[in-house]
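# Architecture and fold: a report
Residues per chain, in single letters:
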Amino acid sequence: MSEIVALYPGSFDPFHNGHLEIVERAAGLFDTVVVAAVRNPQKSNPLFSMEERQNMIADSVTHLNNVKIVSISTLVVVVAKEVGAQVIIRGLRAVSDFENELQMAQMNNKLSGIETLFIPTSSKYSFLASKLLREVSAYGGSVADLVPSPVAMKLDEKYQL
Ligand code: ADP
């Protein structure tokens, strides 16, 4: 049987424990998981550069030997083709995520025939969002137990806590 590659795209600005949990679960399901840090033109003023995000994700998944990291500034379906992915993974926190995710999944399927698989987050991470983490960190709050330690270190550096 041929190898199944899954692509997990996201802004990951920054990568947090909810994202990590999805990567770990996907890594248990597929031969290879490619995590793609996406430059999202709808999200202006990112906190971290693409290179910083890619490095932070790589440093957070060293315990998983079937995970690769790329950064992309093109269509997700183009990258899926380039890396040979048969499936796109997205995490779902709540019903509020669903409408937008469904639309994107249908568009990606229309564009390239690729399937999207949703993995529901575990309830302990369902409140976690990169935007909230950025806000809490910016005002000096500690998010150390909500992000992998390489991300906590970079946030401390950024805000010189
Ligand atoms: P995007 O800008 O692509 O939505 P995010 O970095 O916010 O990027 O999220 C990337 C993916 O991770 C999305 O599929 C999103 O639904 C999922 N995700 C975000 N937060 C969580 C969480 N707390 N638990 C599980 N999945 C999450």
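This write-up is about the structure you can find in this document. (Residues numbered from 1 in each chain as written. Predicted model: local features only at pLDDT ≥ 70, side-chain atom pairs only at ≥ 80, totals over all residues. Heavy atoms only, no water.)

## With respect to the site of the ligand
Around the ligand lies a shell of 18 residues, among which Tyr 8, Ser 11, Lys 43, Gly 91 and Tyr 125 are the nearest. Within the side chain of Ser 11, a nitrogen or oxygen atom sits 2.6 Å from an oxygen atom of the ligand. Within the contact set of the ligand, an oxygen atom lies 3.1 Å away from a side-chain nitrogen or oxygen of Arg 90. Calculation on the ligand without its partners gives an accessible area of 550 Å², and the protein chains cover 91% of this total. Here the ligand occupies the largest pocket. Of all the elements in the fold, those that place two or more residues in the shell around the ligand are β1 (5–10), α1 (17–29) and β4 (87–92). Along the lines of polarity and charge, the residues of the shell around the ligand split into six nonpolar, eight polar and four charged. (Near = heavy atom within 4 Å. Polar contact = N/O pair within 3.5 Å; in protein donor to acceptor, adjacent residues only side chain to side chain. Areas by Shrake-Rupley, 256 points an atom, 1.4 Å probe, with all protein chains shown as cover. 1 Å grid on protein atoms, 1.4 Å probe; cavity = no way out; pocket = protein on both sides within 12 Å on 5 of 7 lines; lining within 4 Å. Sits in = over half its atoms within 2 Å of the grid points. Helix = DSSP H or I, 4+ residues; strand = E, 2+ residues; numbered from the N terminus. Nonpolar A, V, L, I, M, F, W, Y, C, P; charged D, E, K, R; others polar.)

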